[in-house]
Amino acid sequence: MATKDILKHILSGEISATEVLESYLKRIDEADPETNAFIQVLEPTARANAARADCLLEKGETPGLLAGLPVAVKDNICVKGAGCTCGSKMLENWISPYDATTVRRLREQGAVLIGKTNMDEFAMGSSTETSAYGITRNPWDLKRVPGGSSGGSAVAVAAGMAPLALGTDTGGSIRQPAGFTGICGLKPSYGLVSRFGVAAYASSLDAVGPLGQTVWDCALVLEAVAGADRLDPTSSARGRVAYTKKLDGNVRGLRVGFPRELLQGVSAPVKEQFDKALSTMEGMGIIVEEVSIPSVVHAVDAYYVIAAGEASSNLSKFDGVRFGKRAPAEMLDEMYTRSRGEGLGKEVIRRIILGTFVLGAGHKEQYYLRAAQVRTLIKRDFDKVFEDFDLIVSPASPDVAFKIGEKIQDPLTMYLGDLMTIPVNMAGLCALSMPMGFVRSGGLSLPCGLQVIGKPFDEQTVLRVGDSLEQEIGAEIRQEVRAMRRKLSPVRECELVD
Amino acid sequence: MKIDVKQIAYLARLDLGEQDQRRMAGELETVLAHMRNLLKVDVEGVPPTFTLGDVNCLQLAEDAPHESLRREVVMESAPSVLNGYFKVPRESQGV
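Reading guide: rules and limits
Starting afresh in each chain, residues are numbered from 1 along the sequence in its written order. Whichever chain is written first becomes A and whichever ligand is written first becomes 1, with later ones labelled in order. pLDDT decides what is reported in this predicted model: residues at 70 or higher carry local features, side-chain atom pairs at 80 or more are listed and counted, and totals for whole chains, interfaces and linings draw on all residues regardless. As a rule here, side-chain values come from all non-hydrogen atoms in the structure, and water together with hydrogens is ignored. Lines fitted to C-alpha atoms define the axes here, with helix axes fitted over just the stretch in contact, and angles between the N-to-C directions of these axes take values from 0 to 180 degrees. Strands are runs of DSSP state E lasting at least 2 residues, helices are runs of H or I lasting at least 4, and numbering of each runs from the N terminus. Throughout this description, any angle smaller than 35 degrees is read as roughly parallel, any larger than 145 degrees as roughly antiparallel, any in the 65 to 115 degree range as roughly perpendicular, and the remainder as oblique. Throughout, a residue-residue contact means that at least one pair of heavy atoms, one from each residue, lies within 4.5 Å. We call Asp, Glu, Lys and Arg charged. Ala, Val, Leu, Ile, Met, Phe, Trp, Tyr, Cys and Pro are nonpolar, and the rest, Gly among them, are polar. Within this scheme a cavity is a closed region of a 1 Å grid, computed over the protein atoms alone, that accommodates a 1.4 Å probe without allowing it to escape, whereas a pocket is open but has protein on both sides within 12 Å along at least five of seven lines; lining residues each have an atom within 4 Å of a point. Grid points are joined across faces, edges and corners, and a volume is the space filled by probe spheres set on the points. Where each domain starts and ends comes from a domain assignment, either automatic or drawn from a database. By convention, the term buried area covers the 1.4 Å-probe accessible surface removed from two parts as they join, with the contributions of both added. For salt bridges, the criterion is a side-chain nitrogen of Lys or Arg within 4 Å of an Asp or Glu carboxyl oxygen.

Draft legend 1. Looking closely at the packing of helix α1 (residues 3-12) of chain A against helix α7 (residues 215-225) of chain A. All names here are of chain A. At a minimum axis distance of 9 Å, the contact between α1 and α7 shows a crossing angle of 55°. Here α7 runs oblique to α1, going by the angle between their axes. Every residue of α7 that contacts α1 at T3, K4 and L7 is listed here: W216, D217 and L220. Residues of the contact of α1 with α7, tallied by class, amount to three nonpolar, one polar and two charged.

Draft legend 2. Quick look at empty space enclosed by the protein. Residues and elements named next belong to chain A. In this structure the tally under the stated criterion is five cavities of 30 Å³ or more. By volume, the largest cavity amounts to about 90 Å³. What lines the largest cavity is a set of 13 residues, among which G125, S126, S173, Y303 and D418 lie closest to the centre. Across the lining of the largest cavity, the residue classes tally to four nonpolar, seven polar and two charged. Of the residues that make up the lining of the largest cavity, three or more belong to each of domain 1 (3-293 + 372-488) and domain 2 (299-370). In this structure, the second largest cavity spans a volume of roughly 60 Å³. Lining the second largest cavity, in full, are N76, A123, T168, T170, R195, V198, A199, Y201, D206, A207 and V208.

Draft legend 3. Structural detail: the interface of chain A and chain B. Listed per partner, the contact involves 71 residues of chain A and 56 residues of chain B. At the boundary of chain A with chain B, total buried surface from both sides reaches about 5500 Å², with 70% on carbon and sulfur atoms. Among the residues of chain A in contact with chain B, M331, I353 and R370 of chain A are the three that bury the most area, contributing 11% of the side total. Notably, a salt bridge pairs D333 of chain A with R13 of chain B, separated by 3.0 Å at the nearest N-O pair. Where the side of chain A that touches chain B is concerned, the elements lending two or more residues are α9 (299-314), α10 (332-343), α11 (346-359), α12 (365-388), α13 (411-416) and α14 (422-427) of chain A. The element contributing the most residues to the side of chain A that touches chain B is α12 of chain A, with 14 residues. Split by residue class, the side of chain A that touches chain B holds 40 nonpolar, 15 polar and 16 charged.

Right, here's the structure in full:
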């Protein structure tokens, strides 16, 4: 059942929030052992949230925009009273004493916080293979990765274990897993959604955003969590928009550009699906043209310099003093080095070393400063295209989900797979990833995502076009999702997640 | 380029065994070789971008006290506490 319909049934009293929650908890019991999407299921919290929503509804009061809908939360976003491991041994036993602003807003809008989802350690990864809590598996093929770093949130939605989820996106960590698992995910403009209470990876790039089965789902969650926050000094003071009300299908005459540089290295079957999506858009009255954004070919290099540099600084707080893992040691320096060496995983250490190197004396100008200058060029190139175009589109990834273990030993290949998504973070833009079709091979049907990029703070146009395109191609996607869920684990006694 | 991973690991306060240092040196050399492509880009006169705040719509926080976490709550997360302070091992042998 679509999230929109579940919400309608809750509001009309046909079904209670508690009944909805119990259906999803049952589905987690069935599908999570196969996929490992959750680090922690928050049963008591979720039951209390659902009971509160039901109580308000019984009294005739409105429980908020999300009115009893379960939401899964990536495990780098703080939920008061729950663990927040960031996928790391470093924070194995840490309990958050406060809510992130996004979580507080979810609660205020009546959401049911169903669980904390698995992720690449400290959001550093593109496959959810670097978590200290095991690999998350792609429900379309359990031998494949779900993408990352928000792989747990994406799989929770794709496999029907939660209708909605929150993730974070520093270089594509919402959009790439959304594409790999056949769902929708939105990376909001830099500053639209508060990062207070979210473990920082690279502060000039990090964003918190929604994942859902449909574009409408993303619009609903964005509406609930967006807006100024005095606890995040980078948050924009722009007013909140009723995004779900803006999905009016009015797309005729919009101009959409597809950059030739973002099609380099795209596999033939994904390119075929992309071309089909472009034709569908043209059929909807959208003007589609090829454009050039020359500087994006340098985006991956510049990104990994900047992100690693910022990460090396942000993660210095994990030193065994105030919270997190502390290794036994006689001397202070030994305590720092051992706590960090034992608590942090390989990929995190790799990026801290890289970041410390590029910020070091003698290297800063050659790497960090130059990367920041290239970032200016990327931003200028996007600005220029946006003078003539309303949106930019590309595939969300060069190929479908890769096999578990295929890239984990080769960091450079893993990094280069993020070419499509990274430029959006570098330029502070917003972008939606939505399913555009399937690549079929060897009896498998694997989803591939379309990325719709918008100007800063123009989420409305991105969501409107995404929603209209979904009306055209969504039927096939829904059918495939239903078949995948049944194959993964029979959907019993629960029409909601079918 | 030879990267002194041992020295960098010390600066970042990371305990890395010799085998890990060797492996990481090789991986970093490959990654940095790719990143040196940035040197080919003409950035003459281009200012750096360090952040992307919504410059026209940022607001200064009101200069007023507000509720924060209580000290006892914060200290609950600490691995070791003495008289309400974070307790750590001594800094040097001689003190």
